[in-house]
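Architecture at a glance
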Amino acid sequence: EEPHGRVPRPREIPGPEDGVVARPPAKIREAAVSVAVANRQRLLRVAVPRLERLVRRVLAAEGVGRAEISILLVDDRRIGRLHEEWFGDPSPTDVITFPLSAPGADLLAGANVVSAETARRRGREFGWTPRDALAYYVVHGLLHLTGHDDTAPGPRRAMRARERAVMRAAGLAAPPRRAGRRPA
(Lines give C-alpha, C1' and ligand atoms only; values in the text may rest on other atoms or scores of the structure.)
Protein backbone atom coordinates (compact mmCIF):
# COMPACT_ATOMS: atom_id res chain seq x y z
CA GLU A 1 0.00 0.00 0.00
CA GLU A 2 1.22 3.46 -0.88
CA PRO A 3 1.16 6.49 1.45
CA HIS A 4 -2.22 7.98 2.34
CA GLY A 5 -3.96 4.59 2.05
CA ARG A 6 -3.78 4.49 -1.74
CA VAL A 7 -3.66 1.20 -3.57
CA PRO A 8 -0.42 0.65 -5.49
CA ARG A 9 -0.68 1.19 -9.26
CA PRO A 10 0.46 -1.39 -11.78
CA ARG A 11 3.34 -0.16 -13.97
CA GLU A 12 1.07 0.45 -16.94
CA ILE A 13 -1.30 2.92 -15.28
CA PRO A 14 -0.03 6.44 -15.94
CA GLY A 15 0.96 8.50 -12.95
CA PRO A 16 2.91 11.64 -12.12
CA GLU A 17 6.22 9.92 -12.77
CA ASP A 18 5.07 9.37 -16.38
CA GLY A 19 4.31 13.06 -16.87
CA VAL A 20 0.71 12.38 -17.90
CA VAL A 21 -1.23 13.41 -14.79
CA ALA A 22 -2.14 17.07 -15.08
CA ARG A 23 -1.67 19.01 -11.85
CA PRO A 24 -3.34 22.41 -11.74
CA PRO A 25 -1.96 25.10 -9.44
CA ALA A 26 -2.82 24.60 -5.75
CA LYS A 27 -5.43 27.38 -5.63
CA ILE A 28 -7.33 25.75 -8.51
CA ARG A 29 -6.76 22.17 -7.34
CA GLU A 30 -9.14 22.51 -4.40
CA ALA A 31 -12.23 22.43 -6.61
CA ALA A 32 -10.87 20.90 -9.80
CA VAL A 33 -11.05 17.70 -11.72
CA SER A 34 -7.74 16.58 -13.18
CA VAL A 35 -7.99 14.13 -16.08
CA ALA A 36 -5.12 12.35 -17.82
CA VAL A 37 -5.66 10.14 -20.84
CA ALA A 38 -2.84 7.90 -22.07
CA ASN A 39 -3.50 6.21 -25.39
CA ARG A 40 -1.35 3.07 -25.62
CA GLN A 41 -3.22 1.39 -28.47
CA ARG A 42 -3.30 1.86 -32.25
CA LEU A 43 -6.56 0.14 -33.19
CA LEU A 44 -9.00 2.98 -32.69
CA ARG A 45 -8.53 6.68 -33.31
CA VAL A 46 -9.48 8.49 -30.11
CA ALA A 47 -10.30 12.15 -29.55
CA VAL A 48 -8.61 12.67 -26.17
CA PRO A 49 -10.28 16.05 -25.46
CA ARG A 50 -13.68 14.41 -26.01
CA LEU A 51 -12.86 11.72 -23.42
CA GLU A 52 -11.60 14.34 -20.97
CA ARG A 53 -14.89 16.26 -21.33
CA LEU A 54 -16.84 13.04 -20.85
CA VAL A 55 -14.97 12.29 -17.61
CA ARG A 56 -15.75 15.78 -16.30
CA ARG A 57 -19.44 15.49 -17.26
CA VAL A 58 -19.83 12.11 -15.58
CA LEU A 59 -18.14 13.29 -12.39
CA ALA A 60 -20.27 16.45 -12.34
CA ALA A 61 -23.40 14.33 -12.77
CA GLU A 62 -22.23 12.21 -9.81
CA GLY A 63 -21.62 15.32 -7.68
CA VAL A 64 -17.82 14.96 -7.65
CA GLY A 65 -16.03 18.31 -7.61
CA ARG A 66 -12.48 17.19 -6.78
CA ALA A 67 -10.86 14.32 -8.61
CA GLU A 68 -7.69 13.02 -10.17
CA ILE A 69 -8.60 10.50 -12.83
CA SER A 70 -6.36 8.60 -15.23
CA ILE A 71 -7.68 6.78 -18.28
CA LEU A 72 -5.38 4.29 -19.98
CA LEU A 73 -6.49 3.06 -23.41
CA VAL A 74 -4.97 -0.28 -24.36
CA ASP A 75 -5.48 -3.32 -26.59
CA ASP A 76 -6.79 -6.72 -25.53
CA ARG A 77 -3.30 -8.17 -25.00
CA ARG A 78 -2.35 -5.49 -22.50
CA ILE A 79 -5.65 -5.49 -20.60
CA GLY A 80 -5.49 -9.30 -20.51
CA ARG A 81 -2.11 -9.07 -18.77
CA LEU A 82 -3.50 -6.63 -16.19
CA HIS A 83 -6.61 -8.75 -15.75
CA GLU A 84 -4.42 -11.76 -14.99
CA GLU A 85 -2.10 -9.78 -12.68
CA TRP A 86 -4.92 -8.33 -10.58
CA PHE A 87 -7.73 -10.89 -10.88
CA GLY A 88 -6.04 -14.14 -11.93
CA ASP A 89 -7.95 -14.21 -15.24
CA PRO A 90 -5.84 -13.88 -18.41
CA SER A 91 -8.80 -13.15 -20.70
CA PRO A 92 -9.28 -9.63 -22.02
CA THR A 93 -12.02 -7.55 -20.46
CA ASP A 94 -13.62 -4.21 -21.29
CA VAL A 95 -12.53 -2.02 -18.37
CA ILE A 96 -10.62 -2.45 -15.13
CA THR A 97 -11.13 0.17 -12.43
CA PHE A 98 -8.49 1.00 -9.84
CA PRO A 99 -9.75 3.16 -6.95
CA LEU A 100 -6.76 5.11 -5.62
CA SER A 101 -8.44 7.06 -2.84
CA ALA A 102 -9.91 5.87 0.42
CA PRO A 103 -13.72 5.66 0.67
CA GLY A 104 -15.12 8.99 1.81
CA ALA A 105 -11.98 10.96 0.91
CA ASP A 106 -12.54 14.55 -0.19
CA LEU A 107 -10.61 13.84 -3.41
CA LEU A 108 -11.71 11.04 -5.72
CA ALA A 109 -8.62 9.44 -7.25
CA GLY A 110 -8.66 6.51 -9.59
CA ALA A 111 -7.62 4.95 -12.84
CA ASN A 112 -9.58 3.14 -15.51
CA VAL A 113 -7.86 0.87 -17.98
CA VAL A 114 -10.07 0.48 -21.07
CA SER A 115 -9.63 -1.89 -23.99
CA ALA A 116 -10.23 -0.05 -27.25
CA GLU A 117 -10.03 -3.41 -29.03
CA THR A 118 -12.89 -4.78 -26.93
CA ALA A 119 -14.85 -1.57 -27.56
CA ARG A 120 -14.40 -2.03 -31.31
CA ARG A 121 -15.43 -5.71 -31.21
CA ARG A 122 -18.34 -5.31 -28.77
CA GLY A 123 -19.54 -2.15 -30.48
CA ARG A 124 -20.21 -4.18 -33.63
CA GLU A 125 -22.11 -6.80 -31.62
CA PHE A 126 -24.37 -4.13 -30.11
CA GLY A 127 -24.79 -2.14 -33.32
CA TRP A 128 -23.08 1.02 -32.18
CA THR A 129 -19.83 2.75 -32.99
CA PRO A 130 -16.55 1.75 -31.36
CA ARG A 131 -16.30 5.30 -29.97
CA ASP A 132 -19.70 4.97 -28.28
CA ALA A 133 -18.64 1.60 -26.83
CA LEU A 134 -15.38 3.15 -25.59
CA ALA A 135 -17.32 6.03 -24.01
CA TYR A 136 -19.62 3.51 -22.34
CA TYR A 137 -16.64 1.69 -20.79
CA VAL A 138 -15.26 4.99 -19.50
CA VAL A 139 -18.65 5.84 -17.96
CA HIS A 140 -18.94 2.35 -16.48
CA GLY A 141 -15.50 2.58 -14.87
CA LEU A 142 -16.17 6.07 -13.50
CA LEU A 143 -19.43 4.92 -11.94
CA HIS A 144 -17.50 2.14 -10.21
CA LEU A 145 -15.10 4.77 -8.86
CA THR A 146 -18.03 6.78 -7.50
CA GLY A 147 -19.40 3.79 -5.63
CA HIS A 148 -21.75 2.00 -8.01
CA ASP A 149 -21.65 -1.78 -7.99
CA ASP A 150 -22.76 -4.41 -10.49
CA THR A 151 -21.98 -7.64 -8.67
CA ALA A 152 -25.55 -8.39 -7.53
CA PRO A 153 -28.81 -8.12 -9.52
CA GLY A 154 -30.38 -5.16 -7.67
CA PRO A 155 -27.32 -2.89 -7.67
CA ARG A 156 -26.55 -4.00 -11.25
CA ARG A 157 -29.98 -2.80 -12.44
CA ALA A 158 -29.47 0.50 -10.62
CA MET A 159 -26.01 0.91 -12.14
CA ARG A 160 -27.29 0.16 -15.66
CA ALA A 161 -30.05 2.74 -15.24
CA ARG A 162 -27.49 5.29 -14.07
CA GLU A 163 -25.23 4.47 -17.04
CA ARG A 164 -28.12 5.12 -19.45
CA ALA A 165 -29.01 8.40 -17.73
CA VAL A 166 -25.42 9.64 -17.68
CA MET A 167 -24.81 8.64 -21.30
CA ARG A 168 -27.96 10.46 -22.45
CA ALA A 169 -27.07 13.53 -20.38
CA ALA A 170 -23.65 13.57 -22.06
CA GLY A 171 -25.28 13.46 -25.49
CA LEU A 172 -24.25 9.87 -26.21
CA ALA A 173 -26.22 6.84 -27.31
CA ALA A 174 -27.53 4.92 -24.33
CA PRO A 175 -26.10 1.42 -24.01
CA PRO A 176 -28.31 -1.32 -25.43
CA ARG A 177 -29.92 -3.66 -22.95
CA ARG A 178 -28.77 -6.75 -24.89
CA ALA A 179 -26.84 -7.70 -28.01
CA GLY A 180 -28.52 -7.06 -31.34
CA ARG A 181 -30.48 -3.99 -30.21
CA ARG A 182 -29.53 -0.61 -31.52
CA PRO A 183 -28.92 1.95 -28.73
CA ALA A 184 -31.65 4.59 -28.25
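To keep things clear, this report deals only with the structure shown in the data block.

Rules used throughout
Residues numbered from 1 in each chain as written. Predicted model: local features only at pLDDT ≥ 70, side-chain atom pairs only at ≥ 80, totals over all residues. Heavy atoms only, no water. Helix = DSSP H or I, 4+ residues; strand = E, 2+ residues; numbered from the N terminus. Buried < 20%, exposed > 50% of the residue type's maximum accessible area, 1.4 Å probe, protein only. Areas by Shrake-Rupley, 256 points an atom, 1.4 Å probe, with all protein chains shown as cover. Phe/Tyr/Trp six-rings, centres within 6.5 Å; stacked < 30°, edge-to-face > 60°.

1. With respect to the overall build of the protein
Along the backbone of the protein there are six helices and four strands. Overall, the protein shows an N-to-C arrangement of helices and strands of α-β-α-β-α-β-β-α-α-α. Relative to its full complement of 184 residues, the protein shows a buried share of 46%. Here the protein displays about 9700 Å² of accessible surface, and carbon together with sulfur accounts for 50% of that area.

2. Remarks on the packing of aromatic side chains
One pair of aromatic rings is described through two measures. These are the centre distance and the angle between the planes. Tallying each qualifying case throughout the model produces four aromatic pairs. Judged by centre distance (5.2 Å) and plane angle (70°), the ring pair of W86 and F98 falls under edge-to-face. Of this pair, W86 sits in helix α3 (residues 76-87) while F98 sits in strand β3 (residues 95-99), and the two are twelve residues apart along the sequence. Plain terms: the ring middles of W128 and Y136 are 5.9 Å apart, the flat faces sit at 45° to each other, and that makes the pair tilted. For Y136, a relative accessible area of 12% corresponds to the buried category. Three or more aromatic residues joined by ring pairs form one cluster here, namely F126, W128, Y136 and Y137.

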